[in-house]
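Take a look at the letters that make up each chain.
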Amino acid sequence: NAGVTQTPKFRILKIGQSMTLQCAQDMNHNYMYWYRQDPGMGLKLIYYSVGAGITDKGEVPNGYNVSRSTTEDFPLRLELAAPSQTSVYFCASRPTTDRIYEQYFGPGTRLTVT
Amino acid sequence: GESVGLHLPTLSVQEGDNSIINCAYSNSASDYFIWYKQESGKGPQFIIDIRSNMDKRQGQRVTVLLNKTVKHLSLQIAATQPGDSAVYFCAEIPPPSGYSTLTFGKGTMLLVSP
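Residues numbered from 1 in each chain as written. Chains lettered and ligands numbered in written order. Predicted model: local features only at pLDDT ≥ 70, side-chain atom pairs only at ≥ 80, totals over all residues. Heavy atoms only, no water.

(A) Quick look at the overall build of chain B. Each helix and strand counted, chain B has zero helices and 10 strands in total. From first element to last, N terminus to C terminus, chain B shows the α and β order β-β-β-β-β-β-β-β-β-β. In summary, chain B has a C-alpha radius of gyration of 14 Å against a globular reference of 13 Å for 114 residues, a match within 12%. By principal-axis analysis of the C-alpha atoms, chain B measures approximately 45 × 30 × 20 Å. For chain B, with 114 residues in total, the buried portion stands at 45%. Restricting the contact set of chain B to residue pairs at least 6 apart, pairs at least 24 apart contribute 56%. Summed over its atoms, the accessible surface of chain B is roughly 5600 Å², and 49% of this surface lies on carbon and sulfur atoms. (Helix = DSSP H or I, 4+ residues; strand = E, 2+ residues; numbered from the N terminus. Rg over C-alpha atoms; globule rule 2.2 N^0.38 Å. Buried < 20%, exposed > 50% of the residue type's maximum accessible area, 1.4 Å probe, protein only. Contact = heavy atoms within 4.5 Å. Areas by Shrake-Rupley, 256 points an atom, 1.4 Å probe, with all protein chains shown as cover.)

(B) Spatial organisation of the interface of chain A and chain B. Listed per partner, the contact involves 24 residues of chain A and 25 residues of chain B. Across the chain A/chain B interface, buried area totals approximately 2000 Å², and carbon plus sulfur atoms make up 61% of it. Sorting the residues of chain A by area buried against chain B places Gly40, Ile100 and Tyr101 of chain A first, and these three jointly supply 30% of that buried surface. Seen at the junction of chain A and chain B, the total is zero salt bridges. Contributions of two or more residues to the side of chain A that touches chain B are made by β4 (31-37), β5 (43-51) and β9 (87-94) of chain A. Looking at the side of chain A that touches chain B residue by residue, the classes come out as 16 nonpolar, five polar and three charged. (Buried area = accessible area lost by both parts, 1.4 Å probe. Salt bridge = Lys/Arg side-chain N within 4 Å of Asp/Glu carboxyl O. Nonpolar A, V, L, I, M, F, W, Y, C, P; charged D, E, K, R; others polar.)

See the structure below:
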């Protein structure tokens, strides 16, 4: 299994541009998450999904959109990039168990908006 | 790798010392707490968890202590090794997340000198 994969690893965007951060998992996990991590801070939840076709907002959803058409994929869309969205983005997944700590994280995408 | 250590509280120890990393959590109604380790350039990895009906839990070389009176969590690492150098985050499950989401703390960088 590849686990959780994210693409791209790095990206530089100009203000106002759009992009999609890709996330895929091959573990048949129902739960998937998108977090952002700013320098010196913990992870903040952007959006999450408890299964295909179901998504919900996290702590910091403004400026982002998600979709979950399949169990495997959970892309994160930035429509109008702003400097405040400069961050490292992590995708995670977990099986449908009581062990919520059992989140498997991807390697991250470092996004810079200038 | 991705730099997540800027402006973080830092604990510097010598190899072989015991380390204690502290965390103040925010929600007195949270009933599940988790410690994660994040190495440079990687996503967080689960270390140990504890439920609110416990005040201590031990793992391999690690112990988590929970003080609900002052909303304080600590992670003790015995015989710290250079490979323990990383950023450590505590996380809590706040209600009414239904065990779907985690709230992460800011993190502490642990630096272990040989």
